[in-house]
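# Fold and contact review
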Amino acid sequence: MIRAIGGALVALLSAMPASAQPADITGTWTVVVMRPSGPTPPAVLVLKKNGEKLTGVLSGPQGDMPVEAAVGNTAVTIWFTVPTQNGPIAVTMKGTVDGDAMKGTADLGGQGESDWTGRRGSAAAGSSAGSAADASGTWAVSVETPAGSGTPTFVLKQEGEKVTGTYTGQLGEAPVSGSVKGSAIEFGFDLTVQGTALHVTYAGAVEGATMKGTVKLGELGDGTFSGKKQ
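Rules used in this analysis
Residues numbered from 1 in each chain as written. Predicted model: local features only at pLDDT ≥ 70, side-chain atom pairs only at ≥ 80, totals over all residues. Heavy atoms only, no water. Helix = DSSP H or I, 4+ residues; strand = E, 2+ residues; numbered from the N terminus. Buried < 20%, exposed > 50% of the residue type's maximum accessible area, 1.4 Å probe, protein only. Contact = heavy atoms within 4.5 Å. pLDDT = per-residue confidence, 0-100. Phe/Tyr/Trp six-rings, centres within 6.5 Å; stacked < 30°, edge-to-face > 60°. Pairing = 2+ DSSP bridges. Salt bridge = Lys/Arg side-chain N within 4 Å of Asp/Glu carboxyl O.

This brings us to the overall build of the chain. When its secondary structure is counted, the chain shows one helix and 18 strands. The burial tally for the chain puts 37% of its 230 residues in the buried class. Restricting the contact set of the chain to residue pairs at least 6 apart, pairs at least 24 apart contribute 31%.

Given below as structure tokens:
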């Protein structure tokens, strides 16, 4: 009888699943935050395990930002500080991980919340591994803003992470400078429009012969753009 009970207990314990292990989120991720004005330019997130801590670097248009992370089973928390003209903003991203995909909600330091997604893979090459995108070439771009639309042309030259070139469009012509990190690209130029200085910034992602993202027209407002390499 005792032997039978013991055998049944062993069988029951054998059938119970082992304690769930925290998901492995180390590696290189492409992260996009969905803002009301549209998706942000993709940022490259590189996470590594340092003893019992998860740390890394988030590389995007704002530069390289150190991050910390925590994971329990499938729950993920990532936090970092974003430098802005009005001071640093503490961002906390919470969500879940499923294999090579993450998603959740980001607390933008008191400036609201936005959904975010992340994908791990070779396409999310970090800045330490060199630039994955090739921005060199002539780009036909379509810009949409609340004030109207435009179709400028950019001739860009990429050397490592550095981008230079020229802008030709409705606002005239101007030299362009910027950078590429992974698939994330940011470039800008300065113009004088009707006696007023204007700094224009494009920030987005390059995918093969296409790119898209957001454009900031100085104090005139924001918009979106998409481009195709000719």
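The predicted structure's coordinates, where accompanied by low pLDDT, should not be read in detail. Confidence in the prediction of the chain, expressed as mean pLDDT, is 81, and 85% of residues score 70 or more. By mean pLDDT, the top-scoring element of the chain is strand 12 (residues 153–159) (95), and the lowest-scoring one is helix 1 (residues 2–15) (45). Below pLDDT 50 for its whole length, residues 122–131 participates in 24 contacts with residues either more than four positions away or in separate chains.

In this fold, Pro-66 is placed in strand 5 (residues 63–72). Residues within four places of Pro-66 in sequence aside, it is in contact with Gly-56 and Phe-80.

So, on to the packing of aromatic side chains. Across all of its chains, the model carries eight aromatic pairs by this definition. Summarising the aromatic geometry, the rings of Phe-154 and Phe-189 are spaced 6.0 Å apart at their centres and angled 55° between planes, so their arrangement reads as tilted. Pair noted here: Phe-154 is in strand 12 and Phe-189 is in strand 15 (residues 184–193), with a separation of 35 residues, a long-range link. When the centroid spacing of 5.0 Å and the interplanar angle of 75° are considered together, the rings of Phe-154 and Tyr-202 count as edge-to-face. Separated by 48 residues along the polypeptide, Phe-154 in strand 12 and Tyr-202 in strand 16 (residues 196–207) bring together distant segments of the chain. Each member of the pair, Phe-154 together with Tyr-202, is buried. Through a chain of ring-to-ring contacts, the aromatic side chains of Phe-154, Tyr-167, Phe-187, Phe-189, Tyr-202 and Phe-225 assemble into a single cluster.

In this model, Asn-73 sits at a positive phi of 55°, which is unusual for a non-glycine residue. In this structure, Asn-73 sits in the loop between strand 5 and strand 6 (75–82). When its relative accessible area of 40% is taken as the criterion, Asn-73 is described as partly exposed. For Gln-194, which is not a glycine, the phi torsion comes out positive at approximately 50°.

Let us now look at the pairing of strand 17 (residues 210–217). The sheet contact formed by strand 16 and strand 17 spans eight bridges and is antiparallel. Each residue of the ladder has a partner; that of Ala-205, found in strand 17, is Lys-212. In sequence, strand 16 turns back onto strand 17 through a hairpin of two residues, with Gly-208 there showing a positive phi of about 65°. Sheet topology note: the strand 17/strand 18 (residues 222–229) ladder contains seven bridges and is antiparallel. Looking across to strand 18, one finds that Val-215 is bridged to Gly-223. Counting the residues in the hairpin turn of strand 17 and strand 18 gives four residues, including Gly-218, whose phi is positive at 55°.

To continue, consider the pattern of salt bridges. Counted according to the given criterion, the structure contains four salt bridges. Put simply, Asp-100 and Arg-120 hold a salt bridge, and the shortest N to O gap is 2.9 Å. One end of the pair, Asp-100, is in the loop between strand 7 (89–98) and strand 8 (101–107); the other, Arg-120, is in strand 9 (residues 113–120), with 20 residues separating them in the sequence. Residue Lys-216 pairs with Asp-222 through a salt bridge whose shortest N-O separation is 3.6 Å.

Pairing of strand 6 with strand 7, which is carried by eight bridges, proceeds in the antiparallel orientation. Considered in strand 7, the bridge of Val-76 is made with Gly-95. Taking the residues that link successive antiparallel strands as the turn, the strand 6-strand 7 hairpin has six residues, and the phi of Gly-87 there is positive, at about 110°. The pairing of strand 7 with strand 8 spans seven bridges and is antiparallel. Directly across from Thr-92, in strand 8, lies its bridge partner Asp-107. Linking strand 7 to strand 8, which pair antiparallel, is a turn of two residues; within it Gly-99 sits at a positive phi near 65°.

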